[in-house]
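Understanding the architecture of this molecule
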Amino acid sequence: MTDTRGQQPPYQGYNGALPGERPAAQPTGAYHPPRAYDGPQGGGHTQGGQSAGAVRRPRTGARTTPRTRKARLRVAKADPWSVMKVSFLLSIALGICTVVAAAVLWMVMDAMGVFSTVGGTISEATGSNESNGFDLQSFLSLPRVLMFTSVIAVIDVVLMTALATLGAFIYNLSAGFVGGVELTLAEDE
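The structure displayed is predicted, hence computed values, not measured ones. (Residues numbered from 1 in each chain as written. Predicted model: local features only at pLDDT ≥ 70, side-chain atom pairs only at ≥ 80, totals over all residues. Heavy atoms only, no water.)

1. Brief notes about the overall build of the protein chain
Filter applied, for reference: Secondary structure counts use DSSP, requiring at least four H or I residues in a row for a helix and at least two E residues in a row for a strand, with both numbered from the N terminus. Using a 1.4 Å probe on the protein chains alone, a residue whose accessible area is under 20% of its type maximum counts as buried, one over 50% counts as exposed, and one in between counts as partly exposed. Using a 1.4 Å probe, the Shrake-Rupley method yields the accessible areas, and only the shown protein chains count as cover for residues.
Within the protein chain one finds 4 helices and 4 strands. When the helices and strands of the protein chain are read in sequence order from the N terminus, they spell out β-β-β-α-α-α-α-β. Across the 189 residues that make up the protein chain, the buried fraction comes to 13%. Accessible surface, the protein chain: about 16200 Å² in total, of which carbon and sulfur atoms supply 62%.

Listed below in structure tokens is the structure:
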């Protein structure tokens, strides 16, 4: 291979401090932070019609409220695996809430005497005796209601997980055509 760059200056090593290192010789006096403008000892020469020793003062008409930064982002793709995991956990939580709510509702209705009142009304309406008539309290017992609610909750977990995963696939297909959903995020101050 031949070098086509032509004559190059000789390599000279860098003798300064590397990033993250302190310089070898530091002054032992008090620390003075770097200045954006030279102080009065800077020679007093002018630059752009303003002396270099002048102190920069804020404008009186400057805004005092901080500016809110905004960023426009686009959701280009939803990972179906992560959507499935999150929807599975959320649907399990919703199923547990459904079973607990059904149990609490049944206990409140039983304490208020709703089942015995409705059962007595049904017996009177059908004209049947208590021995051979429809017994609402035994039909809507707590174990039977909780079993039915649990079956509904399990079906709900399976359906919600499958629908959310299918929704992620459909979103990815449609985002490929139209670019996805655009979000504008603002920094909270």
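2. Details of helix H1 (residues 80-112)
How we decide: Residue count minus one, scaled by 1.5 Å, sets the expected span of a helix.
The terminal C-alpha atoms of H1, which comprises 33 residues, lie 47 Å apart, in line with the 48 Å expected from a rise of 1.5 Å per residue. Buried within H1 we find Pro80, Ser87, Ser91, Gly95, Ala102, Ala103 and Trp106. Where H1 ends, the next residue or the one after it, Gly113, has phi of about 80°, a positive value.

3. Side note on the side chain of Thr161
Structurally, Thr161 is set in helix H4 (residues 142-178). When its relative accessible area of 11% is taken as the criterion, Thr161 is described as buried.

4. Digging into the pattern of salt bridges
Side chains carrying opposite charge are able to pair once their charged atoms draw close together. In plain terms, the rule: For this document, the term salt bridge refers to a Lys or Arg side-chain nitrogen within 4 Å of an Asp or Glu carboxyl oxygen.
Applying the stated criterion to the full structure yields 2 salt bridges. Note that Glu187 and Arg69 form a salt bridge whose closest N and O atoms lie 2.9 Å from each other. Linking Glu187 in the segment after strand E4 (181-186) with Arg69 in the loop between strand E2 (50-51) and strand E3 (70-75), this pair joins segments that are 118 residues apart in sequence. Judged by relative accessible area, Glu187 falls into the partly exposed class, the value being 34%. For Glu182, the salt bridge identified is with Arg72, shortest N-O distance 2.2 Å. Taken together, the residues Glu182 in strand E4 and Arg72 in strand E3 connect sequence positions 110 residues apart. Note on accessibility: Glu182 and Arg72 belong to one class, exposed.

5. Re the pairing of E4
Where we set the bar: Two strands qualify as a pair provided DSSP detects at least 2 bridges between them.
Here E4 lies mainly on the outside; 0 of its 6 residues are buried. Examined bridge by bridge, E3 and E4 share 6 bridges and lie antiparallel to one another. Bridge pairing links Arg74 to Glu182 in E4.

6. Observations concerning helix H2 (residues 114-126)
Rules: Within this analysis, the arc is defined by the directions that extend from the helix axis to the C-beta atoms. Working rule for contacts: check all heavy atoms of both residues, and any pair within 4.5 Å makes them a contact.
Here H2 contains 13 residues, and its C-alpha end-to-end distance of 18 Å stays within 8% of the 18 Å for a straight helix at 1.5 Å per residue. Residues of H2 that are buried include every one of Phe115, Gly119 and Ser123, and no others. Here the buried residues of H2 occupy an arc of 65° about the axis, which is enough to place them on one side. Looking at H2, the residues exposed on the side facing more than 90 degrees away from the buried face are Thr117, Glu124 and Ala125. The elements touched by buried residues of H2 are H1 and helix H3 (136-139).

7. Examining the environment of Leu73
Along the chain, Leu73 falls in strand E3. With relative accessibility at 44%, the residue Leu73 sits in the partly exposed group. Between the C-alpha atom of Leu73 and that of Glu182, which follows or precedes it by 109 residues, the distance is 5.7 Å. Setting aside residues up to four positions removed in sequence, Leu73 forms contacts with Val181, Glu182, Leu183 and Leu185.

8. Quick word on the confidence of the model for the protein chain
In plain terms, the rule: Confidence of the prediction at every residue is given by pLDDT, a number between 0 and 100.
Across the protein chain, the average pLDDT comes to 79, with 66% of residues at or above 70. Ranking the elements of the protein chain by mean pLDDT puts strand E1 (residues 46-47) last with 52 and H1 first with 95.

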